[in-house]
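Residue-level listing of the chains:
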Amino acid sequence: NVMKRMTTRNGRQRRYFSVMVVLVVTCLLCRGELLRNEEEKEEEKVVNIIGAKSSATRRSLLASSALMTSGNGIHDTNTTRFPSTKRVKRRRMREYENDDNYRWGPVARERDDERDKEGKLEALREDIRLETKKLEIALKEERILFSSNDEEAWRKQKETNQRDEQEVQEHGGGIEKWPLLKQHEEMFERFCGGEGSESGAGSMREVMGKLRKQAESYDESDSNGNLVIFEAYNPFWNGFGNNMRRWLNLFVVASRFDSFASYFDFGACGMEEYGRNAENDGVEGKTFYRRGKDGQSACQFDPGMFFKGDGFDWQWTPKRANENPERLSLASVTRNATILCEEDVSDDVRDCKLYDDKDLDHRRRLYDNGDDATYVVKPLASSGRMSREEIDRAEGAEAKIKAANADWLREWFKEEVARDVDRKGVRVKLTIHDVFVMQREGEVLFNVYGIDGDEPPPDLGDPELPKACYNRHFFRPREHVKEAIEEVFEKSSSNGGGDMKKWRSCAAIHLRTGFADHQTQWVAKYRMLSENKRKELEAKYPCRSTAGGSERTAERFVDALDETFRKCEPDYSNERICTLWHQKNEITKHVNLDIENESNVLNGRLKTFDVVQDCCGSSFREPDVADAMERCGFVPEGMYPELEVKKKNDDFSSTSPVRAALTCALRASKFHLESLVEEDNDNSDDDDSDDEAFGVFLLGDSPTFIKAVPKLPNIGKYFAHQQDPDTVGVTMGDSDCSGTSCVVRKKGEKHLSWMRSVVDAYVASLCEVTVQLPGSSFANGAIHQLRAPGRNRTSSAFLWSGEVVLGQHLATRDETTNEIARETKIGYDGNLENYVALGAAHCKTID
């Protein structure tokens, strides 16, 4: 009887829940219909009328998959779809193809409005999908409840459903089912001390256990807890790629502050999200400037906008402080301190000191008033100069840390805690003035991990294991980043490319052309050209193949990209952008005597102006497809000849660095897939479903590259990328460009290019290897540091590296004296043909 009463009571609750969810879904569908009416009045049809008269009928409809979301639209019980917008778009594109207003005038703004509407509709579809998933979970629980008298079975099912619902909330409905993401999680779990970790990973299990314990100090309900707030927006951080290592070094140093929660303010702006903008610092209502840099805004790329810790949030913003003033307000800080280091001394050995801001302010006032200019401020603590010899002589991890005095700041915090006899909490705001503060300490700590205790598992062979695990602990993607990652997978095959949801293996190609650095000025100059001049430049790079043409447009655009990576001639006489190739595969057997520039290696280094410089032009030739077939990561020479990407026109007189990179990436991805299949005992010999479960993820700063490569014949099916290839940018600046328009976001508005960079890096990190062309700190830093531990992981599978030359000041040779002249600006950035070739903004599609 008790069970019967419980069943009846819970049954009524479940039926009520089902009715409410159906009402929510129905409302969402109505909103979708209104959005469609506004966008496509001429093609709208009445769809999706849900009119069940009873809760039982509603359950029947939903249980039979009445509401399902797909890439083509939302389906009702009769599989009637919302009309697609593709036909309307194609018609409008034809109408405006030759209309300059389409790119520069009112029509461009209308197109932006349409994109905004599409974004709202996509968000609506996501809401419907999540609500539908929740309802399915509730219905499953209800069926168990009504069909069974076993209370224990019902409770177990309820616990399972709660976990499923949490997964829906955190991962958008089972994102971990996709092989690449699942493998990513499994490798971290295996080698970074999780419950299922390798027995040989004992040292990392212990280290990660300490980190998880330290994360408990981020209990924001503890108003008396010890904390330090790093003011780190003052240094001129220069981008996502270069700074990933620097942020991590700060984190690892701070993680050793016993009983302290460390928060970091890296300069995020946005009044709604973070509580400040360029005009209001969110604390005193003043302009948000860098300290000591009058007129220079402190708003900048902040990793906390996109990442948080594993179970804790290390970002400090004025908004968070206002929401929890007892814990995070600057007014509750007990001491303000600053780290200052010796100038004109190597960052590796210089002495850094910690000062109380009150003493520094007093010294500053004396100096400003012309009083005692010899007043010496006594530091609170000092690192001392570091000796590499002493570190090398020390044996064991703790001995090396002591020799480097890497824990000098940790020891000071211990003393502060000891002085807090009333246990009111030690609360310090710590300001750092340049990007190298505490960097050597962080590097020392990473270099000694693994010296004591167990070595990493012998089958891993990854010397970067500690950094990979630490990165995982501190850089967990936030929810909006997870959603964007999921969108990449969901839409990967929409342009005819590879379906990333099926991939088990991938390689990433990062192309660095300098296009994003110059896009803002190029757009401004291009818009000043006459219409005829623009059409003349665009005619050199047509978007569509001519009737009966033997070569597709995509091939011609790849040829144009190849010009960017041609070696720079000694006198920089290249017509367009060129590349200084600093390194090549030293053991390569492939030598083309017609293009090799070995004489430049022997005679290019001359002493002048009291320094030794490289001059002039590229030291090595550019790579070609033959190089990629010979050496690429761990792939044996000549393996997979069917993946060699050859020039369509069989023109062997010129090299193709882009096709070389594509060849290398395809071979590396295929090789890793076969390695996985061999290790997977569940795969049988007659199961060939995995043969094509590999691909290449494309990213970089050239929209042309993203648009053209997936359209290459025969191999285009292997490539995937984010949507909207025209949106590129750099994380060092505030400019946000897309195609032929640029916006400078000064007040912290959402940066589309910043978000794209973060998502690109995370998705690329799911791949075992990266192929760089010609070279990139973004690949070495952002991508590689997010990558899971692995045997064959590498940030540069193609052993060639260089630097694209656009507008740099470089040394040239004096034609008269044959000596190195003073540095001269190389003016390729003034040639707007580079903008057209690298951006293809005039092409919505390429065939």
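Caption draft 1: Quick peek at the side chain of D357. Counting through the fold element by element, D357 comes out in helix α13 (residues 357-368). Residues in contact with D357, not counting those within four places in the same chain, are R291, N336, A337 and T338.

Caption draft 2: Spatial organisation of the nonpolar core. In this structure, F240 and I339 are the most contacted members of the largest nonpolar core, which totals 104 residues. With nine residues, helix α9 (residues 240-254) is the single largest residue contributor to this core. Residues within four places of I339 in sequence aside, it is in contact with C352, K353, L354, W408, L409, L430, T431, I432, H433, V437 and M438. Among the nonpolar cores identified, the runner-up in size contains 74 residues, and A507, A554, A560 and F719 belong to it.

Caption draft 3: Layout of the pattern of salt bridges. Here the structure, examined in full by the defined rule, presents 46 salt bridges. Note that E441 is salt-bridged to R440, the shortest N-O span being 3.6 Å. Between R512 and D517 there is a salt bridge, with its nearest N and O atoms 2.7 Å apart. Take R512: its relative accessible area is 28%, and that puts it in the partly exposed class. Here D517 falls in the partly exposed class, since its relative accessible area comes to 40%. What you see here is one network of salt bridges that share partners, running through R256, D258, D407, R410, E411 and K414.

Caption draft 4: Spatial organisation of a negative patch on the surface. A grouping of E642, E674, E678, D691 and E692 is seen on the molecular surface, where their side chains present a negatively charged patch. Its place among the elements puts D691 in the loop between α25 (657-679) and β17 (694-700). For D691, a relative accessible area of 41% translates into the label partly exposed.

Caption draft 5: Broad picture of the packing of aromatic side chains. What the rule picks out here adds up to 37 aromatic pairs. Centre to centre, the rings of F251 and F266 are 6.5 Å apart; their planes meet at 70°, and the pair counts as edge-to-face. Taken together, the positions of F251 in helix α9 and F266 in the loop between β4 (260-265) and α10 (271-274) put the pair 15 residues apart, joining distant regions of the chain. Its relative accessible area of 1% is what places F251 among the buried residues. Centroid distance F266 to W314: 6.3 Å. Interplanar angle 80°. Geometry classified as edge-to-face. Placement of the pair is F266 in the loop between β4 and α10 and W314 in the loop between β7 (307-308) and α11 (318-323), with a sequence separation of 48 residues. Each member of the pair F266 and W314 is classed as buried.

Caption draft 6: A look at the pairing of strand β3 (residues 226-231). The buried count for β3 comes to six of six residues, which makes it a mostly enclosed element. On β3, burial covers both faces: N226, V228 and F230 on one face and L227, I229 and E231 on the other are all buried. In terms of strand pairing, β3 meets β4 through six bridges, oriented parallel. Its bridge partner being in β4, E231 is matched across the sheet by D265. Where the polypeptide runs from β3 across α9 and back to β4, its parallel neighbour, the crossover connection is right-handed. Inspection of the sheet shows β3 paired to strand β11 (residues 427-432) by five bridges, in the parallel sense.

Caption draft 7: Just the pairing of strand β8 (residues 335-341), in detail. As paired elements, β8 and β11 share five bridges and run parallel to each other. Within the sheet, the bridge partner assigned to R335 lies in β11 and is V428. Pairing of β8 with strand β9 (residues 352-356) involves five bridges; the strand directions are antiparallel. Paired with L340 across the two strands is K353, which belongs to β9.

Caption draft 8: Layout of helix α20 (residues 515-528). With 14 residues, α20 extends 19 Å between its outermost C-alpha atoms, agreeing within 8% with the 20 Å of an ideal straight helix rising 1.5 Å per residue. Along α20, the helix axis deviates most sharply at Q521, where the bend reaches about 40°. Residues of α20 that are buried include every one of F515, A516, H518, Q519, W522, V523 and Y526, and no others.

Caption draft 9: Structural detail: the confidence of the model for the protein. On average, residues of the protein score 77 in pLDDT, and 70% of them reach the 70 mark or higher. Highest mean pLDDT in the protein belongs to β7 (97); lowest belongs to strand β2 (residues 73-75) (29). Under a pLDDT of 50 for its full length, residues 1-7 has, in the predicted model, seven contacts with residues more than four places off or in other chains. Under a pLDDT of 50 for its full length, residues 167-174 has, in the predicted model, 21 contacts with residues more than four places off or in other chains.

Caption draft 10: Examining the environment of T564 more closely. Tracing the backbone through its elements, the reader meets T564 in helix α22 (residues 553-564). Once the C-alpha coordinates of T564 and C578 are considered, the two residues, 14 residues apart in sequence, prove to be 5.1 Å apart. The contacts of T564, once residues within four sequence positions are left out, are T513, R576, I577, C578, T579, V804 and L838.

Caption draft 11: Inspection of the side chain of R246 at higher detail. The topology assignment puts R246 in helix α9. At 8.1 Å, D347 is the nearest oppositely charged side chain to R246, a buried residue that forms no salt bridge. The residues touching R246, leaving out its near neighbours within four places in the chain, are W237, N238, V435, F436 and Q439.

Caption draft 12: The arrangement of the sheet that holds strand β21 (residues 741-744) in detail. Ordered in space as β19-β20-β21, the three strands form an open sheet in which the pairing is antiparallel. Two strands in the sheet have a free side with no partner beyond their single neighbour: β19 (727-728) and β21. The sheet contact formed by β19 and strand β20 (residues 735-738) spans two bridges and is antiparallel. Its bridge partner being in β20, V728 is matched across the sheet by C737.

Caption draft 13: The packing of helix α27 (residues 752-765) against helix α28 (residues 777-786), seen in detail. Taken N-terminus to C-terminus, the directions of α27 and α28 make an angle of 60°; their axes are 7 Å apart at the nearest point. In this structure, the crossing between α27 and α28 has a hand that is right-handed. Along its contact with α27, which presents S757, A761, Y762, A764 and S765, the element α28 presents F778, A782, I783 and L786. Here the residues of the contact of α27 with α28 sort into seven nonpolar, two polar and no charged.

Caption draft 14: Here's a closer look at the sheet that holds strand β22 (residues 769-773). The strand order across the open sheet built from four strands is β18-β17-β13-β22, with neighbouring strands paired in parallel fashion. Both outer strands of the open sheet, β18 (719-720) and β22, are each paired with one neighbouring strand and no more. Where strand β13 (residues 505-511) lies against β17, seven bridges are found, and the strand directions are parallel. When the bridges of β17 are listed, H510 appears paired with L699. Running over the sheet, α25 touches β13, β17, β18 and β22 and is turned about 160° from β13. Strands in contact with α27 are β13 and β17; relative to β17, the strand with the most contacts, it is inclined by about 155°.

Basis of the calculations
- Residues numbered from 1 in each chain as written.
- Predicted model: local features only at pLDDT ≥ 70, side-chain atom pairs only at ≥ 80, totals over all residues.
- Heavy atoms only, no water.
- Helix = DSSP H or I, 4+ residues; strand = E, 2+ residues; numbered from the N terminus.
- Contact = heavy atoms within 4.5 Å.
- Core = buried A, V, L, I, M, F, W, Y, C linked by side-chain atoms within 4.5 Å.
- Buried < 20%, exposed > 50% of the residue type's maximum accessible area, 1.4 Å probe, protein only.
- Salt bridge = Lys/Arg side-chain N within 4 Å of Asp/Glu carboxyl O.
- Patch = residues over 30% accessible without salt bridge, like charges linked within 9 Å, V, L, I, M, F, W, Y side chains within 5 Å.
- Areas by Shrake-Rupley, 256 points an atom, 1.4 Å probe, with all protein chains shown as cover.
- Lys, Arg positive; Asp, Glu negative; His and termini not counted.
- Charge placed at Lys NZ, Arg CZ, Asp CG, Glu CD.
- Phe/Tyr/Trp six-rings, centres within 6.5 Å; stacked < 30°, edge-to-face > 60°.
- Pairing = 2+ DSSP bridges.
- Right-handed = clockwise from strand over helix to strand, strands pointing away.
- Expected span 1.5 Å × (residues − 1).
- Bend = angle between axes of the 7 residues up to and from the residue.
- pLDDT = per-residue confidence, 0-100.
- Axes fitted to C-alpha atoms, helices over the stretch in contact; angles between N-to-C directions.
- Left-handed = near helix turned anticlockwise from the far one by under 90°.
- Nonpolar A, V, L, I, M, F, W, Y, C, P; charged D, E, K, R; others polar.

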